Amino acid sequence: MNIVVSSTSELPIYQQIYDQISRMIVCGELPNNYCLPAIRTVAKELRISVITIKRAWEELERDGFIYTKAGKGCFVANHAPEKLSDKRETMALEKMVKDVEYYKGLGLSAEDIIELVKEAY
Amino acid sequence: MEILSVENLCKNYEKFALKNVSFSLDQGFIMGFIGRNGAGKTTTLKSMMRLVHPNSGTVTILGKNFAEDEFYCKQKIGFVLGGVDYYPKKKLKTITNVTKRFFPEWDDEKYQSLLNRFDLDSEKRIDELSAGMRVKYSLALALSHNAELLILDEPTSGLDPVSRDDLLCLFQDLIEDGEHSILFSTHITSDLEKCADFITYIKNGEIIACTDKDTFIETYRLVQGPVEELNPNLSSKLIGVRKHKFGFEALIKTIDLPMVARIEVSAANLEAIMVHIERE
């Protein structure tokens, strides 16, 4: 499991961690019931405050990516494959809404954008 | 569980006063105590430890009243006021032998392992140690009597960036077990960006914020823009405005953010927050 945190990014650190772990879960890199490392260990290794990691874990749990077993730790939630692709679509759509706003600002039409996406892909 | 609680601590001097200083810290976390030079950081720490006598207020360590159980509380606390700089001509081992007599729970094995970890030679004299080594020696002494709470007054000032980083790493190692806690004062805000869980901010002897670091930072944003946008409504919400030839820059509470296209908003860091609040 790799996590990269940038202190110069505009995104808050807990958000960066949330994004990376949820992405790993959605694309199956972290399998169901995978045991996440302890919060305090992650904090120490990444040199980030315990509270920040705790918050990322809490948000992941709130959104159903992981679950907590008292005294044992946090685990990747059991996702049926179709649930995962649903989640993936929701995440992609959220990001696209923001990006499309930006392209609209540049005066591009939906067709223009689709053409450009194809080219870039 | 609460390891430290300070309630309504007051200390009056002729020209300076601590006014109802209150904050608390849970076990297993790092709290940064920030403020300018002369804001009352050291006075607070000294009043807590009863090195100066507070006029009023209560300090509680692991549920025990400091004033009533001073011996117990002091065993649980590792207090470091800068590096060891007394008896500069004495060897470390001489100073250690004196220090350990005050602590029934002194752990020689732990002390030896800390000396190794910090690369300290107990045959050396204090005046042969660098500033960083002196701080490390103080920490070794504080940690060898099984203290659960470390209270450190500006442990990083005077250290080079590498030694500072080293020390912050050590702090995070210490709290990993969830039992040790650290309260350290500093005005080097980048130290706190890295490792602090909570921030307590003191200004002119008064606590103006005590919250977790992320919340504290997210409470504020930096704004920049042309001076023409500075209407009275906006100006009343800005903190520590600096006007210059080409516009203005200021801090603002996130909830007060204006919806004006010509104003550039960016995330603040601890240093920017402190500079603007102190400019106000």
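Cut-offs applied
- Residues numbered from 1 in each chain as written.
- Chains lettered and ligands numbered in written order.
- Predicted model: local features only at pLDDT ≥ 70, side-chain atom pairs only at ≥ 80, totals over all residues.
- Heavy atoms only, no water.
- Axes fitted to C-alpha atoms, helices over the stretch in contact; angles between N-to-C directions.
- Helix = DSSP H or I, 4+ residues; strand = E, 2+ residues; numbered from the N terminus.
- Parallel < 35°, antiparallel > 145°, perpendicular 65-115°, else oblique.
- Left-handed = near helix turned anticlockwise from the far one by under 90°.
- Contact = heavy atoms within 4.5 Å.
- Nonpolar A, V, L, I, M, F, W, Y, C, P; charged D, E, K, R; others polar.
- Buried area = accessible area lost by both parts, 1.4 Å probe.
- Salt bridge = Lys/Arg side-chain N within 4 Å of Asp/Glu carboxyl O.
- Buried < 20%, exposed > 50% of the residue type's maximum accessible area, 1.4 Å probe, protein only.

Draft legend 1. The arrangement of the packing of helix H1 (residues 13-26) of chain A against helix H4 (residues 81-105) of chain A in detail. Residues and elements named next belong to chain A. Running from N to C, H1 and H4 point in directions that differ by 140°, and their axes come no closer than 9 Å. Classified by the angle their axes make, H1 and H4 are oblique. Note that H1 runs across H4; the crossing there is left-handed. Where H1 approaches H4, its residues Ser22, Arg23, Ile25 and Val26 are matched on the opposing element by Leu84, Lys87, Arg88 and Met91. Among the residues making up the contact of H1 with H4, the classes are represented as four nonpolar, one polar and three charged.

Draft legend 2. Molecular detail of the interface of chain B and chain A. Listed by partner, the interface residues are 22 residues for chain B and 15 residues for chain A. For the pair chain B and chain A, the summed buried surface comes to about 1,500 Å²; carbon and sulfur atoms form 44% of the total. For chain B, the biggest contributors to the area lost against chain A are Gln172, Glu176 and Asp214 of chain B; these three give 36% of the whole. Counting the contacts that link chain B with chain A gives four salt bridges. Asp165 of chain B is the partner of Arg47 of chain A in a salt bridge, and the nearest nitrogen-oxygen pair spans 3.4 Å. For the side of chain B that touches chain A, the secondary structure elements donating two or more residues are helix H6 (161-175), helix H7 (189-195), helix H8 (213-218) and strand E14 (264-267) of chain B. Looking at the side of chain B that touches chain A element by element, the count peaks at six residues for H6 of chain B. Looking at side-chain class alone, the side of chain B that touches chain A contains eight nonpolar, five polar and nine charged residues.

Draft legend 3. A look at the pattern of salt bridges. Throughout the structure, instances matching the rule amount to 25 salt bridges over all chains. As a salt-bridge pair, Lys44 of chain A and Glu176 of chain B come within 3.2 Å of each other at their nearest N and O atoms. With Lys44 of chain A in helix H2 (residues 39-46) and Glu176 of chain B in the loop between H6 and strand E8 (181-186), the pair connects residues from two separate chains. Judged by its relative accessible area of 22%, Lys44 of chain A is partly exposed. Where Lys93 of chain B meets Glu123 of chain B, a salt bridge forms, and the shortest distance between an N and an O atom there is 3.0 Å.

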